[in-house]
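Observations on the model geometry
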Amino acid sequence: MRVSAYAAPAAGEPLAPTTIERRDVGPRDVLIAIEWAGICHSDIHTVNGDWGPQPFPVVPGHEIVGTVTEVGAEVTSHRVGDRVGVGCMVGSCGECASCRNGDEQYCAKGMVGTYAATDRDGTTTQGGYSTHVVVDAGFVLSVPDGIDPAEAAPLLCAGITTYSPLRRWNAGPGKKVGVVGLGGLGHMAVKIAHAMGAEVTVLSQSLKKQEDGLRLGADHYFATSDAGTFDALAGSFDLIVNTVSASIDVNAYLRLLAVDGTLVNVGAPPEPLPVNAMSLIGGRRSFAGSMIGGIAETQEMLDFCAEHGIAAEVEIIPVEKVNEAYERVLASDVRYRFVIDASTIG
């Protein structure tokens, strides 16, 4: 079926209206009428070519919420009329150790990204800046009724990207968690870590978002532009989640960790982040990375957010403002996630 969409025609070029072909609904597929599509910094990295050559034209968008309009004959997990979500992946091999363990995002054969990836039929996947999408039912999430659907869309990337490391490294009562950056990812990390019961500190370049940070659940807020911050907080944290997609002084942040503490990178800057081995050895510290979560963990995250009244802080825009939104994301001029109203597409 032909559907309306917005695509980047080439690296660095503005997104523009287009039409794309969606595959027919197979026996294990779900057809979703898209209602909301979040804008992730990853979308911008992709269309700007920051992460290497891409199969242009590319329709970005991997924070998708919509309604099921058709299901395949073998689908039992979703029904027509259900509100559902699709995150960063739409397929994996289903056979490797990672897939069997519920870590489809680390599929040994490579998970199938929601856009700019090669799908099971050999075509290039196209994302959520469109009116409809066809997805394998095994990669479709149920969006709980307790979350506003527009505010739920960013949970499909920003939510799970921060929930997964917080859960894995046991954020909770008695743990001190630092969050580097208060943007699309960072504001979700603060909300989730607070709901888990951790003592949360925001580490941001300035204090201009301090009021927001405390409102979102942070217990403390420090400006990293103040050199005294690194002296005052040395050896403080059990876990630091770095959410920024730009270069930081990793060694300075490692020194903020307590013995056995971990700095987890979830932001994905295009340039390498140098690490001095002594920054790790001196306190038996770890520097780790984390991507998204598997399908089961993503559903767990959505249910956790519904239970705790957590959703993204969003600014809803019509699709014709997407290029302006990209510029504002790069200028850190959004609080805290843009979401496209898909009814304005086409």
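The text that follows walks through the structure, step by step, so that each part is easy to find. Quick caveat, the model's predicted, so the values are computed rather than measured.

**Topic: the packing of helix H4 (residues 158–168) against helix H10 (residues 295–308)**
Packing of H4 against H10 brings their axes to within 10 Å, and their N-to-C directions diverge by 95°. Taken together, the axis directions place H4 and H10 in an arrangement best described as roughly perpendicular. For the pair H4 and H10, contact is made by Gly 159, Ile 160, Tyr 163, Ser 164 and Arg 167 and by Glu 297, Thr 298, Glu 300, Met 301 and Phe 304, respectively. Tallied by class, the residues present in the contact of H4 with H10 amount to 4 nonpolar, 3 polar and 3 charged.

**Some remarks on unusual backbone geometry**
Following Phe 56, the chain continues into Pro 57 via a peptide bond in cis, with omega recorded as 0°. Within the secondary structure, Pro 57 is located in the loop between helix H1 (41–47) and strand E4 (64–71). The peptide bond linking Arg 335 to Tyr 336 adopts the cis configuration, its omega dihedral lying at 0°. The backbone of Arg 284 shows a phi angle near 50°, a positive value even though the residue is not glycine. Checked against the element boundaries, Arg 284 lands in the loop between helix H9 (277–281) and strand E15 (286–289). One non-glycine residue, Ser 332, lies in the positive phi region at around 55°. Counting through the fold element by element, Ser 332 comes out in the loop between helix H11 (322–330) and strand E17 (337–341). Accessibility expressed as a relative area gives 46% for Ser 332, which makes it partly exposed.

**Details of the sheet that holds strand E14 (residues 257–265)**
Ordered in space as E12-E11-E10-E13-E14-E15, the 6 strands form an open sheet in which the pairing is parallel. Bordering the open sheet on either side are strand E12 (220–223) and E15, each of which pairs with just one other strand. For this sheet the average axis-to-axis angle between neighbouring strands, irrespective of direction, equals 20°.

**Quick notes on the environment of Gly 174**
Considering the arrangement of structural elements, one finds Gly 174 in the loop between H4 and strand E10 (176–180). With 54 residues separating them in the primary sequence, Gly 174 and Gly 228 have C-alpha atoms 25 Å apart. Here Gly 174 is in contact with Gly 197 and Asp 238, once residues within four sequence places are set aside.

Scoring rules and cut-offs
- Each residue is numbered by its place in its chain's sequence as written, counting from 1.
- For this predicted model, a pLDDT threshold of at least 70 governs which residues receive local features, and a threshold of 80 or more governs which side-chain atom pairs are given and counted, while totals over whole chains, interfaces and linings are taken from all residues.
- The basis for the side-chain values is all heavy atoms of the structure; hydrogens and waters are excluded.
- Lines are fitted to the C-alpha atoms to define the axes, a helix being fitted only along its stretch in contact, and any angle between axes, read from their N-to-C directions, falls within 0 to 180 degrees.
- Under the DSSP-based scheme used, a helix requires at least four consecutive residues in state H or I and a strand at least two consecutive residues in state E, with every element numbered from the N terminus.
- Roughly parallel means an angle under 35 degrees; roughly antiparallel, over 145; roughly perpendicular, 65 to 115; everything else is oblique.
- The contact criterion used is simple: two residues touch if any of their non-hydrogen atoms lie within 4.5 Å.
- Side-chain classes are defined by residue name, with Ala, Val, Leu, Ile, Met, Phe, Trp, Tyr, Cys and Pro counting as nonpolar, Asp, Glu, Lys and Arg as charged, and the others, Gly among them, as polar.
- Think of it in three bands: with a 1.4 Å probe and only protein chains considered, a residue is buried below 20% of the maximum accessible area for its type, exposed above 50%, and partly exposed in between.
- The rule for pairing is simple: two strands pair if DSSP sees at least two bridges between them.

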